[in-house]
Each structure stands twice: as C-alpha cells, then as structure tokens.
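# Results of the structural survey
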Amino acid sequence: MDPDLPGPQHGAPLAPAAPCDVQSILAAPDPREVLSRIAVVSLPMVTRFRGITVREAMLFEGPAGWAEFSPFLEYDVPEASRWLAAALEWACVDPPATKAATVPVNGTIPACPPSAVAEVAARYAGVGTFKIKVAEAGIDSLDEDCARIEALRAARPGARIRLDANGRYTVAQARTALRAFSRFELEYVEQPVMAVEDLAQVREEIDREGWGIRIAADESIRKASDPLRVAALGAADVVIVKVQPLGGVRSALSVIEASGLPAVVSSALDTSVGLSAGVALAASLPESARPDGSIPACGLGTSALFRSDVADPPLRAADGVLPVGRTAPSEERLSALAAAPERAQWWTERLRACWSHLREQR
Ligand SMILES: [Mg+2]
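Residues numbered from 1 in each chain as written. Predicted model: local features only at pLDDT ≥ 70, side-chain atom pairs only at ≥ 80, totals over all residues. Heavy atoms only, no water.

## What about the side chain of Arg162?
With respect to the helices and strands, the residue Arg162 is situated in strand β7 (residues 160-164). Residue classification places Arg162 among the buried residues on the basis of a relative accessible area of 1%. Polar contacts involving the side chain of Arg162 include one to the side chain of Glu187, which spans 2.7 Å. At a separation of 3.1 Å, a polar atom in the side chain of Arg162 contacts the side chain of Tyr188. Apart from residues no more than four positions distant in its own chain, Arg162 is found in contact with Asn106, Thr129, Phe130, Lys131, Ile132, Glu187, Tyr188, Val264, Pro296 and Ala297. (Helix = DSSP H or I, 4+ residues; strand = E, 2+ residues; numbered from the N terminus. Buried < 20%, exposed > 50% of the residue type's maximum accessible area, 1.4 Å probe, protein only. Polar contact = N/O pair within 3.5 Å; in protein donor to acceptor, adjacent residues only side chain to side chain. Contact = heavy atoms within 4.5 Å.)

As structure tokens, then:
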C-alpha cells in the first residue's frame, strides 16, 4: 500500500455524487477524492511472458467495486489513460446487463515439443477450444508447429483449434505457413504478420488461393479506432478485444458493434480483478460478434500464468468456464503481493498523470 494514500482503515466506499459515471467522477481534481482504496501489486509469473517475469498492477476501489489499472510499463500517458478510463468505469459504474452466467475460455499450447502437447492439453479439463502458439522461431518452426497441431488434433479430436503467430512472419513467410496450415481445420490464425496493411494483403491472398483460413487481429488492436480500421481495410475476419486498451466495457461494446466483426475477448495479462471485467464484456457481446450464437472461447484463462494472484481463490476456469461477476482482491494477498514503495510511488504518479490527461479531454 502507498502510505501516501488512504489505507484499509478508510475502507468504506465514498458515496459518489449522482450520476455516477466516469465523466462526473473526473470532476474531482485528485483521484484520492474518489477512490477509497488504492494498492499497487507485483505478481511473480510462472514463466517469462511478453518479455516480463513480474506483472505490476494498480488496483483501486470505487463506488461500484474494485478495478484494475495496469497499462504495460512502457506505455505513455495518452495510451495508459485509455486503460485508466476503463478502470474508472469498472470502479464506478455497474457493467451492462449480461446475457450469460459463465463464459468459455480457451486452453493455450505454448511452443513446447510436439510430444508434450497431449500432457499440456490434459491440464484443461472441459475446454473445447485451444490456441497453439506458432512461429516462435518464425518460419523455421513451421514443421514443429504442424506437428504440434497434429498432436493436439490426436489428443482432442473434437476441439476447435486456433493458432497465434504474434505477427512473427513476413508476408512471404505467412504465405508459406498458411499454405501448410490450410490442411488443418482451424478456427482462425491470429496475427500472422504485424502490420495491418500486411494482414489485409495476406487475407486477400488466402481468398485468392482458396485456403479457407480466417484471420484474427490481436496486436493490430490497441485502441478503440483500431477494430474499425481493421474492418475498413478488410484485414481480418475476427477481432481480439481487451477491455483496458479499448477504454472500458461500454466503449469496447460500441466499437465491436461498429466493426461488425466477430470478437474474441482476451486478457491483457490482467490480475483476477481485471479478468472479471473481461468476463463481463464477453458475457454482453452483441449478436454481430457471436455469429453462431455462442460466446467464442475467451483468452481469459491467464491467471494461471501468475504464481500468485490478488484474489483468493483466483479467477480460474473450472470445467472450461469462468463465472460472471465482480472479483475483489483479498486483503492478505494485497499485503503479500505489495509492490516496493518506489514502485508504488511510480504508479501513483502515473495515476495522477493519466487522471489529469483524462480531465483535460473532458
Ligand atoms: Mg495473440
């Protein structure tokens, strides 16, 4: 806990001035006037992911409950401010009405040897969709990638399989890889190339060649205007959406609807608190984002990437699904996972900078 900020003894949420929305919340010049509790945590990860071994996050409690503000450390103030808008919405406003009580999650097969695939898949009881990480060594891993797809198909014959290349191919390499992948029945291939213009080119080629592979955009979507750009350029068949980068559940819902594309909700390596906002988004997806009527399996099973999470128990899938509802951190976990004072101070300054930025934009 930051000694500078209200602690557990001030636990009662403040009664906000009506109406309780983000714009009225931002009328306060200082976030401490609105947020009753603020904590900064540092979560050790099971393995290196996205180049990090520790995930830092700020959690705060507003009138509606606990929320997570966790833009990655390298993001500047304008980008991080969208994440703050999302966190403030979750802390201050109840989520839109949901259409489901649970949402399905996908299992993830990392770049492991093909012989280990069945064992990794066995950890995901009740899961019907798997994402296989491919292109770990670019085009050089193609043979092994195909062997892992075959191994998963053998271990889980009825499962949906999606691939994620994290933008590691060039356009020419993507052509080679997608031709090889076209023999498998796949749900989609996520971000085969990085640039959105290149994605559009790859997608055109898939159509021309008749490979029947759908493309999903993930890294191409970092802000609310991106799903619309992806749709306008015809760069993808599916958008991967995350609550914080898109500025909140409501903002995400409106851009998903405007894009007209099917959407798969994913985590931005959130703690259990942030994951619960992702679950709410998935459970309220518009019809246009659920073409076959069901909620596509979400990439929200990521609490398993942390050695320890802020909630007790953490928000983890049971029988392939996560429950809809708010998740609050446990006091013990907040203390045990508290970030070092200088890191808490860094996050407090970041909160203030983003708060000021959002206020200027009102
Ligand atoms: Mg991805």
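This is not the end of the story, as more comes after the structure.
## Re the domain arrangement of the protein chain
You can read the domains of the protein chain as domain 1 (8-94 + 330-361) and domain 2 (102-323). Each of domain 1 and domain 2 was reduced to a C-alpha centroid, and the two centroids are 27 Å apart. Of the residues lining the interface, 30 residues belong to domain 1; the matching set on domain 2 comes to 27 residues. Taken together, the links from domain 1 to domain 2 amount to 3 salt bridges. With a closest N to O distance of 4.0 Å, Glu89 and Arg250 form a salt bridge. Breaking the side of domain 1 that touches domain 2 down by element, the ones donating at least two residues are β1 (37-49), β2 (52-61), β3 (66-69) and α2 (77-92). Here the element with the most residues in the side of domain 1 that touches domain 2 is α2; it accounts for 7 residues. Taken together, the residues of the side of domain 1 that touches domain 2 sort by class into 21 nonpolar, 2 polar and 7 charged. (Domains from an automatic or database assignment. Salt bridge = Lys/Arg side-chain N within 4 Å of Asp/Glu carboxyl O. Nonpolar A, V, L, I, M, F, W, Y, C, P; charged D, E, K, R; others polar.)

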